[in-house]
Amino acid sequence: MTLRPDAALQSRSPVVSYSVHTIGGPDGDRTFDVAAAADGTATAELTIDGINGERVDVTSKSANGWLSDPAFWGIDYDTTPTVASAVYPEDGSGGGAGVPGTFTFTPKVQGVASYTYSFDTEPEVTVAAGADGTADIDWTPPSDGSYGLQVYATTRSGIQLATYYYSFTVD
């Protein structure tokens, strides 16, 4: 990220440093300072890796001690897996008590190693993802009614991604 001062402000009192504050990353909020070059510019290297996105706030400090209002930039993205089932479609009905169904988990990000899922109040189960990042699980509902499936992916580097909530009805 390249940081540049406002030209008019730079001529009055040069920017000497920037304070960069990231919000929403896996390690929590981070703040660090970056010294500015003589022309007031600076470069900061950031890794944007929050599970739902991140926000970056930047303030500048001028030679006379003046602090700017923060400028901000943010991005939101979806790291939940896609879930699909031919027998038990999302927000629909199908199958029946005792009728097995296959649920396919597909990643929206690269590097997924596994998926952890549970149906309603059942214990969580973790399954490995295939080389293409997908996984199939089979599940048989014990009775008719409404069900919920919660699933999240974990990357090869150990980052737990956002949870997806899949609802369906068993006829």
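Look up: the structure comes first, before these words.
Fair warning: this is a prediction, and the values are worked out from it, not measured in the lab.

(A) The arrangement of the overall build of the protein in detail. Each helix and strand counted, the protein has 1 helix and 14 strands in total. Computed over its C-alpha atoms, the radius of gyration of the protein comes to 24 Å, more than 25% above the 16 Å expected for a compact globule of 171 residues. Dimensions of the protein along its principal axes, counting C-alpha atoms only, are 75 × 30 × 25 Å. Going through the 171 residues of the protein one by one, you find that 36% of them count as buried.

(B) How the structure looks around unusual backbone geometry. Of note in the backbone geometry, D91 takes a positive phi value of approximately 55° without being a glycine. The residue D91 is located in the loop between β7 (82-84) and β8 (93-94) in this model.

(C) Region of the structure containing the environment of T154. Residue placement: T154 occurs in strand β13 (residues 145-155). T154 sits in the buried class, given a relative accessible area of 18%. Along the sequence, T154 and G50 sit 104 residues apart, while their C-alpha atoms lie 13 Å from each other. Those residues within four positions of T154 in sequence are excluded, and the remaining contacts are G111, V112, A113, S114, I159 and Q160.

(D) Region of the structure containing the environment of S13. Tracing the backbone through its elements, the reader meets S13 in the loop between α1 (7-12) and β2 (15-23). Along the sequence, S13 and K61 sit 48 residues apart, while their C-alpha atoms lie 9.4 Å from each other. Setting aside its immediate chain neighbours within four residues, S13 contacts S62, A63 and N64. At 3.0 Å, the side chain of S13 forms a polar contact with the backbone nitrogen of N64.

(E) Local environment of the side chain of S68. Tracing the backbone shows S68 in the loop between β5 (53-62) and β6 (71-76). Within polar-contact distance, the side chain of S68 engages the backbone nitrogen of S60 at 2.8 Å. Apart from residues no more than four positions distant in its own chain, S68 is found in contact with T59 and S60.

(F) Main features of the pairing of strand β14 (residues 164-170). By the bridge criterion, 2 bridges tie β8 to β14 in an arrangement that is parallel. Within β14, the position partnered with S93 by the bridge is T169. Here β13 runs beside β14; their pairing, made up of 7 bridges, is antiparallel. Directly across from G145, in β14, lies its bridge partner V170.

Rules and cut-offs
- Residues numbered from 1 in each chain as written.
- Predicted model: local features only at pLDDT ≥ 70, side-chain atom pairs only at ≥ 80, totals over all residues.
- Heavy atoms only, no water.
- Helix = DSSP H or I, 4+ residues; strand = E, 2+ residues; numbered from the N terminus.
- Rg over C-alpha atoms; globule rule 2.2 N^0.38 Å.
- Buried < 20%, exposed > 50% of the residue type's maximum accessible area, 1.4 Å probe, protein only.
- Contact = heavy atoms within 4.5 Å.
- Polar contact = N/O pair within 3.5 Å; in protein donor to acceptor, adjacent residues only side chain to side chain.
- Pairing = 2+ DSSP bridges.

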